[in-house]
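# A closer look at the structure
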Amino acid sequence: MLLRDVIGQEKLKHQLVEMVQHQRLSHALLFVGPEGSGALPLAIAFAQYLVSSPATTNEVADLFADPEALTKQVHTYNAPDAIADLPAYQRASQLMHPDLHFSFPSITEKPGAKNISANFIEEWREFINGYPYGNVFDWLQSIKAENKQGNISADECAEIIKKLSFKSFESAYKVLVMWMPEYLGKEGNKLLKLIEEPPPNTIFLLVANSEEQILPTILSRCQYIKVPRLTTSEIEQALVQKGHIDPEKAAQIAAISDGNYREALHLLQHSDADFLTQIREWLNAILKGGPLAQMKWVEETSKMGREPQKQFLKYFNHLLEQSIRIKVLGNDLPLDPALKDFALRINKIASVGQLEAIVQELDKAVYHIERNANPKMLFMALGIKFYHIIQNKTLILTEA
């Protein structure tokens, strides 16, 4: 993909290109961005730009100049959009360029086999071409990892060292894109010398969600590139242009995606669900209907798939956040009338502290849904907690 195809992040795109064109490119860059911010597409587009530019050209030197000047070489680079028709870019865009390498969490396919990224390169190409804003869970699901834990193994580190020991085939640089270095255990120490003193014209692009779980010895050897969350307008524009979504629906989805384009795509997938009605029914069952009404609601909701359940909880969370904003800033905020009506109604029965407590519980529930929690038990427990938080003002339950 071209840099222009990456959603938003315009400032970072310009900074990266300037680093290359002004010969200030570090040999190891660490892109750190939250899920759905586009850190991986940005790094891949940048890597494709690096390997697609022509290789070195000899500089014409004065015959009486310093003899070293005769062998001096200068890298030449195209503008980011000008590489689209180059044969090198055609290979890079298919993730098949000989100087572009990838490393990512993978699994052992069968006993005795090596756990290396090369075993899944075809699946990786398909994943990146179809779902570049996906997360690790999406990736592991796509390779049918099931309950296996993905990692970047010692065998993979040995493969990286071997690959990068060769000279580049055709481009100015050899580039390795490592996705989720958080999945490197102590095996990652094998790469320290390579990252600190790489072969000539070798570039490491590491892409992470959080630097906290990366080996400190690797962190200290990288230049930090912070990738911020996308803005609401950037997500809205992407949904309209890339997904051909109605602008009004795109605006609503972008508003609750929290700067996460992956989340926006999932919300779009379930946008026809009437979550607002479902939330009203749940609260009525909790506060008025009693245990039988709650059990009936839980029974119906537990039949939803895991992803719709998660989107439902996140939608509820968004409504409560808007309720808090109205309570604190006033009700002049531009909101959909139905959403504003809900926010005003729930503000009559819950304080800011109570709403924040429910938000915390919803966040925990999303976490547990992602880890295959039993939906009946989860939603029943949530209903009991919400009852005590609202009716009895018992916030201490949220600490459990």
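Residues numbered from 1 in each chain as written. Predicted model: local features only at pLDDT ≥ 70, side-chain atom pairs only at ≥ 80, totals over all residues. Heavy atoms only, no water.

### Examining the overall build of the chain
- What the chain contains, in helices and strands, is 18 helices and seven strands.
- Across the 400 residues of the chain, 47% fall into the buried class.
- Here the contacts in the chain between residues at least 6 apart in sequence split such that 75% fall between residues at least 24 apart. (Helix = DSSP H or I, 4+ residues; strand = E, 2+ residues; numbered from the N terminus. Buried < 20%, exposed > 50% of the residue type's maximum accessible area, 1.4 Å probe, protein only. Contact = heavy atoms within 4.5 Å.)

### Topic: the nonpolar core
- F31, F46, W124, V175, V177 and W179 are the most contacted members of the largest nonpolar core, which totals 99 residues.
- With 11 residues, the top contributor of residues to this core is helix α2 (residues 39–52).
- With residues up to four places along the chain from it excluded, the contact list for W179 reads L40, S103, F104, P105, W124, F127, G134, N135, V136, W139, I152 and V207. (Core = buried A, V, L, I, M, F, W, Y, C linked by side-chain atoms within 4.5 Å.)

### As for the environment of Y183
- Looking at the element boundaries, Y183 is found in the loop between β5 (174–179) and α8 (192–196).
- Classification of Y183 as partly exposed rests on a relative accessible area of 27%.
- If near-sequence neighbours (up to four positions away) are discounted, Y183 is found in contact with P105, V136, G150, N151 and I152.

### Topic: the pattern of salt bridges
- This model, assessed by the stated rule, comprises 17 salt bridges.
- Among the ionic pairs, K376 bridges to E299, the shortest N-O distance being 3.2 Å. With a gap of 77 residues between them, K376 in helix α18 (residues 375–391) and E299 in helix α14 (residues 291–301) connect regions that are remote in the sequence.
- On the basis of relative accessible area, K376 is assigned to the partly exposed category, the value being 40%.
- The exposure class of E299 is partly exposed, given its relative accessible area of 35%.
- One salt bridge connects E361 with K385, and the closest N-O pair in it is separated by 3.3 Å. Here K385 lies in helix α18 and E361 lies in helix α17 (residues 352–370), a separation of 24 residues in the sequence.
- Residue class for K385 comes out partly exposed when judged on its relative accessible area of 22%.
- The structure contains a network of salt bridges with shared partners spanning E35, D138 and R262. (Salt bridge = Lys/Arg side-chain N within 4 Å of Asp/Glu carboxyl O.)

### Re the confidence of the model for the chain
- For the chain, the mean per-residue pLDDT works out to 84, and 89% of the residues sit at or above 70.
- Across residues 69–74 the pLDDT falls below 50, and counting only partners more than four positions away or on other chains, this stretch makes 11 contacts in the model.
- Note that residues 395–400 has pLDDT below 50 and, in this model, 14 contacts with residues that lie over four places away or in other chains. (pLDDT = per-residue confidence, 0-100.)

### Things to note about unusual backbone geometry
- Phi is positive for M180, close to 65°, though the residue is something other than glycine.
- Residue placement: M180 occurs in the loop between β5 and α8.
- In the Ramachandran plot, N372 falls in the positive-phi region, its phi being about 65° despite a non-glycine side chain.
- Within the secondary structure, N372 sits in the loop between α17 and α18.

### Notes on the packing of aromatic side chains
- A complete count under the given rule lists 22 aromatic pairs for this structure.
- Here W282 and F312 contribute two aromatic rings whose centre-to-centre distance is 5.9 Å and whose plane-to-plane angle is 45°, an arrangement assigned as tilted. Within this pair, whereas W282 is found in helix α13 (residues 275–289), its partner F312 is found in helix α15 (residues 306–329), the two being separated by 30 residues in sequence. Here W282 matches F312 in class, with each residue buried.
- Considering the side-chain rings of F316 and F342, the 6.5 Å spacing of their centres and the 75° angle between planes classify their relative orientation as edge-to-face. In this pair, F316 is assigned in helix α15 and F342 in helix α16 (residues 337–349), connecting sequence segments 26 residues apart.
- Directly above the ring of Y367 sits R371, whose terminal nitrogen or CZ lies 3.8 Å from the centroid. (Phe/Tyr/Trp six-rings, centres within 6.5 Å; stacked < 30°, edge-to-face > 60°. Lys NZ or Arg CZ within 6 Å of the ring centre and 35° of its normal.)

### As for the environment of E281
- Note that E281 resides in helix α13.
- Through-space distance from the C-alpha of E281 to that of Q294 is 9.2 Å; in sequence the pair is 13 residues apart.

### A word on the pairing of strand β4 (residues 100–103)
- The two faces of β4 match: L100 and F102 on one face and H101 and S103 on the other face are all buried.
- Pairing of β4 with β5 involves four bridges; the strand directions are parallel. Residue pairing for β5: L100 is matched across the bridge by V175. (Pairing = 2+ DSSP bridges.)

### Considerations on the packing of α13 against α16
- Contact pair α13 / α16: the axes reach a minimum separation of 11 Å and the direction vectors enclose 20°. The orientation of α13 relative to α16 falls into the category roughly parallel. Of the two possible hands of crossing, α13 and α16 adopt the one that is left-handed. Within the contact between the two elements, α13 uses L276, I279, R280, L283 and L287 and α16 uses A338, L339, D341, F342, R345, I346 and I349. (Axes fitted to C-alpha atoms, helices over the stretch in contact; angles between N-to-C directions. Parallel < 35°, antiparallel > 145°, perpendicular 65-115°, else oblique. Left-handed = near helix turned anticlockwise from the far one by under 90°.)

### Re the environment of I160
- Among the secondary structure elements, I160 is positioned in helix α7 (residues 154–164).
- Here the alpha-carbon distance between I160 and K190, two residues 30 residues apart in the chain, equals 10.0 Å.
- When near neighbours in sequence (up to four residues on either side) are disregarded, I160 contacts S103, L176, M178, L191 and L194.

### Some remarks on the packing of α15 against α18
- Interaxial distance between α15 and α18 falls to 13 Å at its minimum, and their mutual angle equals 15°. For the element pair α15 / α18, the angle class is roughly parallel. You can see that α15 and α18 cross each other, and the crossing is left-handed. In this structure, α15 contributes Q309, F312, L313 and F316 to the contact, and α18 contributes P375, F379, L382 and F386.
- Across the contact of α15 with α18, the residue classes tally to seven nonpolar, one polar and no charged. (Nonpolar A, V, L, I, M, F, W, Y, C, P; charged D, E, K, R; others polar.)

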